Amino acid sequence: MLISQLQARDFRLFESLRLEAHPRFNLITGDNGAGKTSLLEALYVLGRGNSWRVLAPQLVRDGAQAWQVAGLVGEGEAGSGAPPDTLRVTWKDREIGVRLGQEDLPLSALVRKLPLQILDPGMHRMLEEGPGIRRRFLDWGVFHVEHQFMPVWNRARRALKQRNAVLREGGNARLLAPWTQELAEAGEQLTRLRRAHALEVEARSQVLLADLLPSERWQLRYTQGWDAERSYLEVLEAGIERDRRMGLTQSGPQRAELGFYTAHAEGDAAKAVKGRISRGQQKLLVAAFVLAQSWLVAERLGRAPVLLLDDFAAELSGEFQARLLRALLAYPGQKFVAALERSGVLENLPDAHMFHVEHGVLKA
């Protein structure tokens, strides 16, 4: 998937913005606060419908009442096939609207239309915060590679919500039984999809990690949120009294977790990486798993997700920067990379477009 052109109006620092993108690599430079991250944010909004940093009202330029991000989006380079589609995301009157050409789209259709991932300075949160952020990372990939994911995910979410409502209201066994059965079936299906994708990401990441972080062995482990030796229905039925006391379903896919582990050598006991590795290592570790997932999505869909990377050099030595750049250049998808300046390993990029941002003004 390619973004051939980006436009924005009254978005963050930008009164107006127009960018003609390279199909492979786009480097955006500028001082702190000049608007580099805001530009990446506009691209992110084009593919996700929201920001990874703030709520939609906070994206509007001071003094404006609405913002719009638009892009020409297609599945090939210019002249190589069907003309690109015009995709628009608008915030106005406290609502977000998404349009593809003249057609209104739901948010899920937008995410499917333009697969997009980001590596930002807060990527260490993937390792340090609670499991919710890791489940979202996993589910983004499953959403793109398994068309049955959304129906299963919605079914599990609805069953969990209804079961919890019955538990809070003190409903009897007759009222609880159908939602227990429904949640057990949907939870098992969701878990199978998640586990299969996690295993694929873990296997694919090893090739990347061998170059990015070769000094240690790294693992990604998926745990399903209940005793793996028992069916989910057995666990739910055995825990009914506890769930009644808590007014909440205590086990299930909503408790699923991705764990990141490391060992110095084969045969050593693997230990959780949290608190054990540097910020630079964290950045490369998360980059490896995000790139591995993006490669898998590209192979399954036949179109590579767009990749955004903010603050390229932060936390990384020259050698680590070189390793990360090699991985980015090998990735077949379109990249938008922000950095303070075009220096070091970024000086002699082959086949790329360069942009510079100054006080909300973009210069090619």
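Look up: the structure comes first, before these words.
Residues numbered from 1 in each chain as written. Predicted model: local features only at pLDDT ≥ 70, side-chain atom pairs only at ≥ 80, totals over all residues. Heavy atoms only, no water.

For any two aromatic rings, the description comes down to two numbers: the centre-to-centre distance and the angle of the planes. The tally for this structure, following the rule as stated, stands at 5 aromatic pairs. Arranged with centres 5.4 Å apart and planes meeting at 90 degrees, the rings of Phe11 and Trp67 form a pair that is edge-to-face. Placement of the pair is Phe11 in strand S1 (residues 2-11) and Trp67 in strand S4 (residues 67-74), with a sequence separation of 56 residues. The two residues Phe11 and Trp67 agree in class, both being buried. For the ring pair Trp295 and Tyr331, a centre distance of 5.9 Å and an interplane angle of 80 degrees mean the geometry is edge-to-face. (Phe/Tyr/Trp six-rings, centres within 6.5 Å; stacked < 30°, edge-to-face > 60°. Helix = DSSP H or I, 4+ residues; strand = E, 2+ residues; numbered from the N terminus. Buried < 20%, exposed > 50% of the residue type's maximum accessible area, 1.4 Å probe, protein only.)

Once that is clear, we can look at helix H6 (residues 173-212). The α-helix advances 3.6 residues per turn, and as a result positions three or four apart in sequence lie on the same side. Remark: the principal bend of H6, roughly 35 degrees, maps to Gln206. A side-chain oxygen of the first residue of H6 lies 3.1 Å from the backbone nitrogen of Arg174; this N-cap is Asn172. (Bend = angle between axes of the 7 residues up to and from the residue. Polar contact = N/O pair within 3.5 Å; in protein donor to acceptor, adjacent residues only side chain to side chain.)

Tracing the backbone through its elements, the reader meets Gln282 in helix H9 (residues 279-301). Taking the relative accessible area as the measure of exposure, Gln282 reaches 5% and is therefore buried. A distance of 3.3 Å separates the side chain of Gln282 from the side chain of Glu128, its partner in a polar contact. In this structure Gln282 touches His124, Leu127, Glu128 and Ile277, once residues within four positions along its chain are discounted. (Contact = heavy atoms within 4.5 Å.)

What follows concerns the pattern of salt bridges. A complete count under the given rule lists 21 salt bridges for this structure. With its nearest N and O atoms 3.0 Å apart, the salt bridge here joins Arg300 to Glu200. Of the two residues, Arg300 is situated in helix H9 and Glu200 in helix H6; the sequence distance between them amounts to 100 residues. Through salt bridges that share partners, Arg12, Glu41 and Arg53 make up one connected network. (Salt bridge = Lys/Arg side-chain N within 4 Å of Asp/Glu carboxyl O.)

Quick look at the layout of surface pockets now. One number sums up the size of the largest pocket: a volume of about 910 Å³. Taken together, 27 residues make up the lining of the largest pocket; nearest its centre are Tyr44, Arg48, Arg136, Phe137 and Trp140. Contributing elements (two or more residues each) for the lining of the largest pocket: helix H1 (36-48), helix H2 (107-113), strand S8 (116-119), helix H3 (125-128), helix H4 (131-145), helix H5 (149-168) and H9. In terms of residue count, the dominant contributor to the lining of the largest pocket is H4 (6 residues). Broken down by class, the residue content of the lining of the largest pocket amounts to 17 nonpolar, 5 polar and 5 charged. (1 Å grid on protein atoms, 1.4 Å probe; cavity = no way out; pocket = protein on both sides within 12 Å on 5 of 7 lines; lining within 4 Å. Points joined across faces, edges and corners; volume = space filled by probe spheres on them. Nonpolar A, V, L, I, M, F, W, Y, C, P; charged D, E, K, R; others polar.)

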